[in-house]
Amino acid sequence: MRARRRIRASAGAVAAASFVAVAALASAQAGTAAQATCAGWTLSRPPSPGSDDVLLGTAVTSPGQVWAVGEYVNAESGEQDLIARWTGSEWLQVPSPNPAPPAQLNELDGVAAVSAREAWAVGDSGLSTGEDTKTLIARWRDGAWTQVASPSPGSLVNYLGGVAAIGPASAWAVGNYSGNGKQRTLILRFAGHAWQRVRSASPGYLNVLDAVAATSA
């Protein structure tokens, strides 16, 4: 089984996740949370392409550029990653990289955006049983999302739950990996050329990192 909680939602319930992006959008328009004013909550339905859809992360760069990522269930190909973009007036599904078979499960758990032209999304890909998963990192650049090579040191499970980006040449991703009966923290760093693993502490039997923040390179 995967080393973190699996959050599931029906296609109707998935719309609630868009409130997170709308709240962040209101703050971005005002400049700071302290200055933000909001007349009220409005429902803005994101794409629901599958029979079971969920959004797990959001990122905002401007009132017309909001990202939301997660997954949806396709009857033919299994779980597919889901990327939605807020244009300022509506949510649109954006083509996203889903690793080819034998991967039956693709999920994006976190997203970070530096600008309208640069963003990262992280998650995992593997078998529907949740075993033999590999880290999954996608990059938004030149108007498209593409998969980027990323380390997967575990023999059983490799998972990324959070990502933080400072600029085009500086980003961090965190999660965990497992093998030989122990689950260890996983930290990856992007310094402009390729994602590389960074040593991290794993003090217990079950170790996992789900979120990361950065202030500078």
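See above for the structure.
Residues numbered from 1 in each chain as written. Predicted model: local features only at pLDDT ≥ 70, side-chain atom pairs only at ≥ 80, totals over all residues. Heavy atoms only, no water.

Student: Hey, could you run me through the sheet that holds strand β9 (residues 157-167) in this one?
Tutor: In a beta sheet, neighbouring strands are held together by backbone hydrogen bonds and run either parallel or antiparallel to one another. The four strands are arranged β9-β10-β11-β12 in an open sheet whose pairing can be described as antiparallel. Of all strands in the sheet, those bounded by a partner on one side alone are β9 and β12 (195-198). On average, each strand axis in the sheet is inclined to that of its neighbour by 25 degrees, with strand direction left out of account. The pairing of β9 with strand β10 (residues 170-179) spans nine bridges and is classified as antiparallel. Paired with tyrosine 159 across the two strands is asparagine 176, which belongs to β10. (Pairing = 2+ DSSP bridges. Helix = DSSP H or I, 4+ residues; strand = E, 2+ residues; numbered from the N terminus. Axes fitted to C-alpha atoms, helices over the stretch in contact; angles between N-to-C directions.)

Student: Can you walk me through the side chain of serine 125 in this structure?
Tutor: With respect to the secondary-structure elements, serine 125 resides in strand β6 (residues 118-126). Within the structure, serine 125 has its side chain in polar contact with the side chain of asparagine 106 (distance 2.7 Å). (Polar contact = N/O pair within 3.5 Å; in protein donor to acceptor, adjacent residues only side chain to side chain.)

Student: Help me out: how do you make sense of unusual backbone geometry in this one?
Tutor: Most peptide bonds adopt trans geometry, and most residues besides glycine take a negative phi value. Phi is positive for aspartate 142, which is not a glycine, with a value near 55 degrees. You can see aspartate 142 is positioned in the loop between β7 (134-141) and β8 (144-148). Looking at aspartate 142, the relative accessible area reads 70%, which means it is exposed. In this structure, asparagine 180 takes a positive phi of about 60 degrees despite not being glycine. Turning to its location among the elements, asparagine 180 is positioned in the loop between β10 and β11 (182-190). (Buried < 20%, exposed > 50% of the residue type's maximum accessible area, 1.4 Å probe, protein only.)

Student: Whenever I open this one, the nonpolar core confuses me. Can you help?
Tutor: Side chains of a nonpolar character, in soluble globular proteins, are inclined to be buried together. Ranked by size, the top nonpolar core spans 14 residues in total, and within it Trp120, Ile137, Leu160, Leu188 and Trp195 carry the most contacts. Residues Trp67, Val69, Val111 and Trp140 belong to the second largest nonpolar core, which totals 13 residues. (Core = buried A, V, L, I, M, F, W, Y, C linked by side-chain atoms within 4.5 Å.)

Purely geometric numbers; function is a separate question.
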